[in-house]
Amino acid sequence: AELGPRFQEGTFETRITREIRYRYLLSIPGPDSAGPATSATRWPLVLFLHGAGERGQDLSRVTVHGPPALIQRGTNFPFILVAPQCPADQRWDAPGLMALLEELVQRLPVDPARVYVTGLSMGGYGTWKLGLSYPQRFAAIVPICGGGEWIDVRLAAREQANALRSLAVWAFHGAKDPVVPLSESERMVNALRQAGVQEVRLTVYPDAEHDSWTVTYNNPEVYQWMLQHRRPDAPWPAPR
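Residues numbered from 1 in each chain as written. Predicted model: local features only at pLDDT ≥ 70, side-chain atom pairs only at ≥ 80, totals over all residues. Heavy atoms only, no water.

Draft legend 1. Representation of the nonpolar core within the structure. Judged by nonpolar contacts, the single largest core of 47 residues is most densely connected at Val82, Trp128, Leu130, Phe138 and Leu192. Residue contributions to this core peak at eight residues, all from helix H2 (residues 94-107). Other than its neighbours up to four places away in sequence, Phe138 contacts Met98, Leu101, Val115, Tyr116, Val117, Leu130, Gly131, Leu167 and Arg231. Formed by 31 residues, the second largest nonpolar core is a distinct cluster that contains Phe79, Ala140, Ala168 and Val222. (Core = buried A, V, L, I, M, F, W, Y, C linked by side-chain atoms within 4.5 Å. Buried < 20%, exposed > 50% of the residue type's maximum accessible area, 1.4 Å probe, protein only. Helix = DSSP H or I, 4+ residues; strand = E, 2+ residues; numbered from the N terminus. Contact = heavy atoms within 4.5 Å.)

Okay, here's the thing in C-alpha cells:
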C-alpha cells in the first residue's frame, strides 16, 4: 500500500530504558476539518498503537487498520493522529512512547489537556500499559482486544490515585476472541472499578472473534466520547 499525501513520516530515537527507534506516521488536520484553523489553534492528539502483525520496517503496514486506514481512505478527523511502528520482534515500550509524545507535544500545535491513546491487540496491551503508567498525561484511553497487568492498576492507585480515578476508559472486546480472551479486558476493567475509577466502560461484541477493532474504529461515537474528555492539569512539556 502506498502512503497517501495525508501522512507525514518521522523518526524518533531515545535511550531511556534501552535504545528505541520508532518510525511513525503523522496526520495533522487540514483547514477543512473543524472550521477555520488559526495559528492559535491547538488540536487534540490521538496516539494509535497497531497490533503485532504490523510490526517491521514498512510504514505502510501501519495504515492497514484503525484510524490510519480511515485517514488513508479520506476520513477527516478533528485531531492530530500519531501512529508509530513497532520494530519487528519488539513490543510497545511505555517510556519510549512517552518520550515520543513529549517531543510531539512540544513541537506540534497540541492541546495538552486532550491527549489520548488507543490501540488493538498488542496495541491494546500497549494502551493499557501506557495509560496506567502515566494516567496524569491522558484524558482518555481506548484499549481494544488487549489486556494488561492488574498490578499496574494497583501501583497507579497507590502512586497517582487522583489521576487514575479521573482517567476515562472505554475498552472493547469480542466475546469469542480466540487470541486474547475476553477475560483479559474484564480483569482490567474490574481492577479499575475496584480502584475507584469514575468512568470505565467495557463493550463486548457477542459474536466477534479477535477483530473487534474494525467495528469500533468505524463508530463515530467512539471518537466523540474520547474527544469530550479533558485533563486540564496534564503535566506536558511547554510548547517550543
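Moving on from the coordinates now.
Draft legend 2. Looking closely at the sheet that holds strand E7 (residues 168-174). In spatial order, the strands read E1-E2-E4-E3-E5-E6-E7-E8; together these eight strands make up an open sheet with mixed pairing. Since the sheet does not close on itself, it has two edges, and those belong to strand E1 (8-14) and strand E8 (200-205), each with one partner. The average undirected angle you get between the axes of adjacent strands in this sheet is 20°. Pairing geometry for strand E3 (residues 43-49) and strand E4 (residues 80-85), over three bridges, is parallel. Paired with Leu47 across the two strands is Val82, which belongs to E4. Across the face of the sheet, helix H6 (residues 182-194) comes into contact with E7 and E8 while running at roughly 160° to E8. (Pairing = 2+ DSSP bridges. Axes fitted to C-alpha atoms, helices over the stretch in contact; angles between N-to-C directions.)

Draft legend 3. Region of interest: the pairing of strand E2 (residues 20-27). Among the eight residues of E2, six are classified as buried, and the element is accordingly described as predominantly covered. When E1 meets E2, the two strands line up antiparallel, connected through seven bridges. Bridge assignment links Phe12 to a residue of E2, and that residue is Tyr22. Where E2 meets E4, five bridges bridge the pair, whose relative direction is antiparallel. When the bridges of E4 are listed, Tyr24 appears paired with Pro84.

Draft legend 4. Examining H2 more closely. Its 14 residues give H2 an end-to-end C-alpha distance of 20 Å, which sits within 8% of 20 Å, the value for a rise of 1.5 Å per residue. Here H2 has its buried residues at Ala94, Gly96, Leu97, Met98, Ala99, Leu100, Leu101, Leu104 and Val105. Those residues of H2 that are buried lie in contact with E1, E2, E3, E4, strand E5 (110-120) and helix H3 (122-133). A distance of 2.6 Å separates the backbone nitrogen of Gly96 from a side-chain oxygen at the start of H2, and that oxygen is part of Asp93. (Expected span 1.5 Å × (residues − 1). Polar contact = N/O pair within 3.5 Å; in protein donor to acceptor, adjacent residues only side chain to side chain.)

Draft legend 5. Representation of H6 within the structure. Given a rise of 1.5 Å per residue, 13 residues ought to cover 18 Å, and the 19 Å separating the end C-alpha atoms of H6 matches this to within 8%. Inspection of H6 places Leu182, Glu184, Ser185, Met188, Val189, Ala191 and Leu192 among the buried residues, and these make up the whole buried set. Lining the buried residues of H6 we find H3, helix H4 (150-159), helix H5 (161-165), E7 and E8. Phi turns positive, to about 85°, at Gly196, one or two residues after H6.

Draft legend 6. Region of the structure containing the packing of aromatic side chains. If you walk through the whole model with that rule in mind, you get nine aromatic pairs. Ring centres of Phe79 and Tyr223 lie 6.1 Å apart, and the angle between their planes is 25°; this geometry places the pair in the stacked category. On the criterion of sequence distance, the pair formed by Phe79 in the loop between helix H1 (66-72) and E4 and Tyr223 in helix H8 (residues 220-227) is long-range, its members being 144 residues apart. As far as burial versus exposure is concerned, Phe79 and Tyr223 are alike and both buried. Summarising the aromatic geometry, the rings of Trp170 and Phe172 are spaced 4.8 Å apart at their centres and angled 35° between planes, so their arrangement reads as tilted. Accessibility classification places Trp170 together with Phe172 in one group, the buried group. Ring-pair connections join several aromatic residues into one group, and the members of that group are Trp170, Phe172, Tyr205 and Trp225. A cation sits over an aromatic face here: Arg137 above Trp236, 4.8 Å from the ring centre. (Phe/Tyr/Trp six-rings, centres within 6.5 Å; stacked < 30°, edge-to-face > 60°. Lys NZ or Arg CZ within 6 Å of the ring centre and 35° of its normal.)

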